[in-house]
Amino acid sequence: MQAVLSSTYFARHNEFKIYNRFAKPGGIVFLGDSLTQRYPLADFYPNMPIYNRGIDGDTTVGLLKRLDVSVFALQPSIVVLQIGTNDLQVAELPPEATIENIQLIISKIKEGLPNVKILLVSLYPVNETPDKLIEKIVVGPLTNKDLMWMNSHLKTLDQVEFIDVYPSLCDATGNLEMRYTKEGLHLSLNGYAQVTEKIKPVLEKVFQLSSK
């Protein structure tokens, strides 16, 4: 698939191999696509051993291919997972197949790291309005109807703690609020601050427990 075979994917994958030489086990891995790669984790989670393993344009298929380098090589205590947006947008996978792949990702991680804690973050809404700041080519075929369907199934998956950030990013019409986005899909710093407010308390609690 396009996202798997792109030069960006392989370049970032190779960067991870270098970063991993200096990583310490027991940390926290944020795993996902561009929504993870562009998340300024060091600024929002200071003093926490966090490793960003997001790849712009990645899909569930691409993520399955890189678990060794992106997860197992790091031996983390916690994985914060968010993936699936590009399955709908780029790979054109049926939502049902994406859910199956996410469950497979979770199962493989737990098989390789039985004691790891997985925090599964909901997919974010998009902005479907005709506002001049919205870039339709970026939002593509994504709809909030599909994203909500995905989230309704993600929260039922086994072996994870689900963190639903979707409602906190929506405006009164159910679209991604303009101040939380750059162009209708990717988040602004305000958006990431909102996401952090939902993830951080859970992450801190789980990390404290895993460190004992």
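Refer to the structure above for everything that follows.
The text that follows walks through the structure, step by step, so that each part is easy to find.

The rules behind the values
Residues numbered from 1 in each chain as written. Predicted model: local features only at pLDDT ≥ 70, side-chain atom pairs only at ≥ 80, totals over all residues. Heavy atoms only, no water. Phe/Tyr/Trp six-rings, centres within 6.5 Å; stacked < 30°, edge-to-face > 60°. Buried < 20%, exposed > 50% of the residue type's maximum accessible area, 1.4 Å probe, protein only. Core = buried A, V, L, I, M, F, W, Y, C linked by side-chain atoms within 4.5 Å. Helix = DSSP H or I, 4+ residues; strand = E, 2+ residues; numbered from the N terminus. Contact = heavy atoms within 4.5 Å. Pairing = 2+ DSSP bridges. Axes fitted to C-alpha atoms, helices over the stretch in contact; angles between N-to-C directions. Salt bridge = Lys/Arg side-chain N within 4 Å of Asp/Glu carboxyl O. Expected span 1.5 Å × (residues − 1). Arc of directions from axis to C-beta.

**Regarding the packing of aromatic side chains**
Inference 1: Scanning the model with the defined rule gives six aromatic pairs in all.
Inference 2: Here the aromatic rings of Y39 and F44 are separated by 6.0 Å at their centres, their planes lie at 65°, and the arrangement is edge-to-face. Each member of the pair Y39 and F44 is classed as buried.
Inference 3: Connected via pairs of aromatic rings, a cluster forms that spans F30, Y39, F44, Y45 and Y192.

**Considerations on the nonpolar core**
Inference 1: Counting 35 residues, the largest nonpolar core has L31, V79, L81 and I109 as the members making the most contacts within it.
Inference 2: Looking at this core, the elements that each hand over two or more residues are β1 (28-32), α6 (67-72), β3 (78-82), α8 (95-112), β4 (117-121), α9 (136-139) and α10 (144-154).
Inference 3: In terms of residue count, the dominant contributor to this core is α8 (five residues).
Inference 4: The residues contacting L31, other than those within four sequence positions of it, are T36, R53, L63, R66, L67, S70, V71, V79, V80, L81, Q82 and I109.
Inference 5: In this structure, L41, M48, L169 and V206 belong to the second largest nonpolar core, which totals 26 residues.

**Section: the sheet that holds β4**
Inference 1: An order of β2-β1-β3-β4-β5 is seen for the five strands of this open sheet, with the pairing classed as parallel. The strands lining the two open edges of the sheet, one partner per strand, are β2 (50-54) and β5 (161-163). Between one strand axis and the next, the sheet turns by 20° as a mean value, whatever way the strands run.
Inference 2: Sheet analysis places β3 next to β4, joined by four bridges and oriented parallel.

**Concerning the pairing of β4**
Inference 1: In terms of burial, β4 is a largely internal element, four of the five residues being buried.
Inference 2: Sheet analysis places β4 next to β5, joined by three bridges and oriented parallel. The residue bridging V121 from the neighbouring strand is I163, located in β5.

**Digging into the environment of I83**
Inference 1: Within the secondary structure, I83 is located in the loop between β3 and α7 (85-89).
Inference 2: The class of I83 is buried, set by a relative accessible area of 2%.
Inference 3: The spatial distance from the C-alpha of I83 to the C-alpha of I105 is 10.0 Å, given a sequence separation of 22 residues.
Inference 4: Not counting residues within four places of it along the chain, the set of residues in contact with I83 comprises G32, D33, D58, T59, T60, L63, I102, I105 and L123.

**Comments concerning the pattern of salt bridges**
Inference 1: Applying the stated rule across the entire model yields five salt bridges.
Inference 2: Salt-bridge contacts for R12 lead to E15; the nearest nitrogen and oxygen are separated by 3.6 Å. You can see R12 and its partner E15 sitting in helix α2 (residues 7-19), three residues apart, about one turn around the helix.
Inference 3: Classification of R12 as buried rests on a relative accessible area of 12%.
Inference 4: For R66, the salt bridge identified is with D58, shortest N-O distance 2.7 Å.
Inference 5: Residue classification places D58 among the buried positions, given a relative accessible area of 0%.

**Describing α2**
Inference 1: Along its 13 residues, α2 runs 18 Å from first to last C-alpha, staying within 8% of the 18 Å computed at 1.5 Å per residue.
Inference 2: Looking only at α2, the buried set comprises Y9, R12, H13 and F16. One face of α2 carries all of its buried residues, which in axial projection span an arc of 105°.

**Section: the environment of V69**
Inference 1: Counting through the fold element by element, V69 comes out in helix α6.
Inference 2: Taking C-alpha positions, V69 is 38 Å from D171, a pair spaced 102 residues apart along the chain.
Inference 3: Excluding anything up to four places from it in sequence, V69 contacts H13, F16, K17 and N20.

From the geometry alone we can't say anything about function, so treat these as descriptive.
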